[in-house]
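Here are the chains, one letter per residue:
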Amino acid sequence: MEVQYDAEYLKRYYDAYGMKEWYRLERNAEAKVSFFLHQHYLLQHIQRGYRVLEIGAGPGRFTLELAALGAKIVVLDISPEQLRLNKRKMEQEAQLHAVEQWVEGDVTDLSAFSAAEFDAVVCYGGPLSYVGAAAPKALTEMFRVVRADGPVLLSVMSLLGTTRRYMPSIVELAFQYGLDQVDRVTRTGDLIGAVAQNHHCHMFRWAELRQLLTQQPCEIIAASASGFLVLQDPDANQIAENNLDLWEKLLQWELFYCSQPGAIDCGTHIIAVTRKL
Ligand SMILES: C[S@@+](CC[C@H](N)C(=O)[O-])C[C@H]1O[C@@H](n2cnc3c(N)ncnc32)[C@H](O)[C@@H]1O
């Protein structure tokens, strides 16, 4: 893996990103499907009263969902600004009581927490994609702090789905920066160099993430792409969004399609649900 983990860079990146992160999951049909799928797995695996560590929570899209499910949440993020926004959002939504504490911290070092102290861990939206060769260490930390039988839910950037989704831009980048730069990203999944445009991360293949998970004391309960049908045609998405019956059906189709073995790699992210053994 060529992505060099730079915690200070990430902190600055997400501090500057601010509330753009909040709008990421509502800006179009594709984003709404991604939200729906991530939320679906929380609904399935987080029970009322669970004490949950949410890693890389950002401004709180899923913190609010966890609160609605009756969880008691410890919010952890590398970015002080994202933590501030998260706290503000919980306050605006009268959900401050659901959060035990906001912790500035790093997914690769959860030493502030004891072994097995959480009922569940949620790490949605890519912290694992940012830590380069420290991804196994981060996973080991997540499975250390969750109790036996507890679910660990995570999502990472997906190489195949992202490449397919952004093919028109990739062609442009090849002309702008040279074919070698683009070729290296598509071969390795490491989004680095000029083509990364300051967003350095590793995009995973499902086989690669699954291999990392097999090294942990866990079983994989579910895996899903975060969007399959909606990555095709924005005009069709728009029509679906404007027709409630069609939209409801589309969400159900996505749920089914995205979890098929042939589709898990095909979304912009890969969602994995595991249970600690
Ligand atoms: C793409 S946002 C995801 C936010 C939210 N979980 C979601 O899915 O909507 C990634 C978040 O992870 C945080 N993050 C990135 N790297 C991290 C790390 N190494 N440790 C902890 N948090 C990290 C960022 O600051 C940011 O808030």
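The residue count restarts for each chain, going from 1 along the sequence in the order it is written. A pLDDT threshold of at least 70 governs which residues receive local features in this predicted model, and a stricter bar of 80 or more applies before side-chain atom pairs are shown or counted, although totals over entire chains, interfaces and linings include all residues. Side-chain measures were taken over the full set of non-hydrogen atoms in the model, leaving aside hydrogen atoms and water.

Enquirer: I'd like to hear about the overall build of the protein, residue by residue, with values.
Expert: Secondary structure follows DSSP: runs of H or I at least 4 residues long count as helices, runs of E at least 2 residues long count as strands, and numbering of each begins at the N terminus. Along its length, the protein carries 13 helices and nine strands. As defined in this context, the radius of gyration uses C-alpha atoms, and a globule is described by 2.2 Å times the residue total to the power 0.38. Taken over C-alpha atoms, the radius of gyration comes to 18 Å for the protein, in line with the 19 Å a tight globule of 277 residues would show. Relative accessible area decides the class of each residue, using a 1.4 Å probe on protein chains only: under 20% of the type maximum gives buried, over 50% gives exposed, and in between gives partly exposed. Relative to its 277 residues, the protein shows a buried fraction of 55%. Partitioning the contacts of the protein with sequence separation of at least 6, the portion at a separation of at least 24 is 76%. Each accessible area is a Shrake-Rupley estimate made with a 1.4 Å probe; only the visible protein chains count as cover when residues are assessed. When the accessible surface of the protein is totalled, it reaches about 12,600 Å², and 52% of it is carbon and sulfur. We score Asp and Glu as negative and Lys and Arg as positive, and we do not count His or the chain ends. To locate a charge, take NZ of a lysine, CZ of an arginine, CG of an aspartate or CD of a glutamate. In the protein, 26 positive and 34 negative side-chain charges are present, and the distance between their average locations comes to 3 Å. Contact criterion: two residues are considered in contact whenever any of their non-hydrogen atoms come within 4.5 Å of each other.

Enquirer: Please give an account of the site of the ligand that cites residues and values.
Expert: Around the ligand, the structure places 22 residues, and the nearest of them are Tyr5, Gly56, Asp77, Val107 and Tyr124. Gly56 is positioned such that a nitrogen or oxygen atom in its backbone is 2.7 Å from a nitrogen atom of the ligand. In protein, a polar contact requires one atom able to donate a hydrogen and another able to accept it; more generally it is a pair of N or O atoms within 3.5 Å, and residues adjacent in sequence count only if both atoms are side-chain atoms. Backbone polar atom of Ile78 to a nitrogen atom of the ligand: 3.3 Å apart, as the coordinates give it. Computed on the free molecule, the ligand has an accessible area of 590 Å², of which 98% lies beneath the protein chains in the complex. Those elements that place two or more of their residues in the shell around the ligand are helix 1 (7-17) and helix 6 (127-130). Here the residues of the shell around the ligand are counted per class, giving twelve nonpolar, six polar and four charged. We call a residue near a given molecule or strand whenever any one of its heavy atoms falls within 4 Å of it. All amino acids are sorted into three groups, where Ala, Val, Leu, Ile, Met, Phe, Trp, Tyr, Cys and Pro are nonpolar, Asp, Glu, Lys and Arg are charged, and the leftover types, Gly among them, are polar.

Enquirer: Residue-level account of the side chain of Glu21, with values.
Expert: Its location among the elements puts Glu21 in helix 2 (residues 20-23). Of the residues examined, Glu21 reaches a relative accessible area of 14% and is grouped as buried. When sequence neighbours within four positions are dropped, the list of residues in contact with Glu21 reads Tyr14, Pro59 and Gln82.

Enquirer: I'd like a description of the pairing of strand 9 (residues 269-276), backed by residues and values.
Expert: Every regular strand shows the same layout, with side chains that alternate between the two sheet faces. Summarising burial for strand 9: seven of the eight residues are buried, a large majority. For two strands to be treated as a pair, DSSP must find at least two bridges joining them. When strand 8 (residues 218-225) meets strand 9, the two strands line up antiparallel, connected through seven bridges. Opposite Cys218, over in strand 9, you have Lys276 as the bridge partner.

Enquirer: Summarise helix 11 (residues 206-214); cite the residues concerned and give the values.
Expert: By the burial criterion, the buried members of helix 11 are Trp206, Glu208, Leu209, Leu212 and Leu213. Here the buried residues of helix 11 occupy an arc of 165° about the axis, which is enough to place them on one side. Taken from the helix axis, the directions to the C-beta atoms give the arc we talk about.

Enquirer: Could you give an account of the packing of helix 12 (residues 234-241) against helix 13 (residues 244-258), with specific residues and numbers?
Expert: Where helix 12 meets helix 13, the axes come as close as 6 Å, and the angle between the chain directions of the two elements is 120°. Across the interface between the two elements, Ile239, Ala240 and Glu241 from helix 12 touch Leu246, Trp247 and Leu250 from helix 13. A per-class count over the contact of helix 12 with helix 13 returns five nonpolar, no polar and one charged. For helices, the axis comes from a line fit to the C-alpha atoms of the stretch in contact; other axes are also lines fit to C-alpha atoms, and the angle between any two N-to-C directions lies between 0 and 180 degrees.

Enquirer: Outline the packing of helix 3 (residues 29-45) against helix 13, listing residues and values.
Expert: Contact geometry of helix 3 with helix 13 gives a least axis separation of 10 Å together with a crossing angle of 60°. With respect to helix 13, the axis of helix 3 lies oblique. As for the relative orientation of helix 3 and helix 13, their crossing is right-handed in sense. Touching Ala29, Lys32, Val33, Phe36, Leu37 and His40 of helix 3 are Trp247, Leu251, Gln252, Glu254, Leu255 and Cys258, all from helix 13. Within the contact of helix 3 with helix 13, the residues separate by chemical class into eight nonpolar, two polar and two charged. Orientation labels follow simple angle bins: below 35 degrees gives roughly parallel, above 145 gives roughly antiparallel, 65 to 115 gives roughly perpendicular, and whatever is left gives oblique. A crossing counts as left-handed when the near helix is turned anticlockwise from the far one by less than a right angle, and as right-handed when that turn is clockwise.

Enquirer: Please give an account of the environment of Arg210 that cites residues and values.
Expert: Within the secondary structure, Arg210 is located in helix 11. According to the relative accessible area criterion, Arg210 is partly exposed, its value standing at 39%. Note: C-alpha distance between Arg210 and Ala272 (62 residues apart in sequence) is 8.7 Å.

Enquirer: Any chance you could break down the pattern of salt bridges for me, citing the residues and the numbers?
Expert: Throughout this description, the term salt bridge denotes a Lys or Arg side-chain nitrogen within 4 Å of a carboxyl oxygen of Asp or Glu. Counted under the stated rule, the structure contains 14 salt bridges. Two residues, Lys11 and Glu104, come together in a salt bridge whose shortest N-O distance is 3.0 Å. Of this pair, Lys11 sits in helix 1 while Glu104 is found in strand 3 (residues 99-104), placing the two residues 93 residues apart along the sequence. Between Arg51 and Glu117 there is a salt bridge, with the nearest N and O atoms lying 2.8 Å from each other. Taken together, the positions of Arg51 in strand 1 (residues 51-55) and Glu117 in the loop between strand 3 and strand 4 (120-123) put the pair 66 residues apart, joining distant regions of the chain. Assessed through its relative accessible area of 24%, Glu117 is described here as partly exposed. Sharing partners across several salt bridges, the network here consists of Glu8, Lys11 and Glu104.

Enquirer: Could you give an account of the packing of aromatic side chains, with specific residues and numbers?
Expert: Two rings from Phe, Tyr or Trp (for Trp, the six-membered ring) form a pair when their centres sit within 6.5 Å of each other. Planes less than 30 degrees apart are called stacked, planes more than 60 degrees apart edge-to-face, and all others tilted. Under the counting rule described, the total for this entry stands at ten aromatic pairs. Site record: aromatic cluster; members linked through ring pairs are Tyr9, Tyr13, Tyr14, Tyr17 and Tyr130. Counting as a charge over the ring demands two things of the Lys NZ or Arg CZ atom: a distance within 6 Å of the ring centre and an angle within 35 degrees of the ring normal. The ring of Trp22 has Arg61 sitting right over it, with the charged end atom 3.9 Å from the ring centre.

Note that all results are geometric; they support no functional claim without further evidence.
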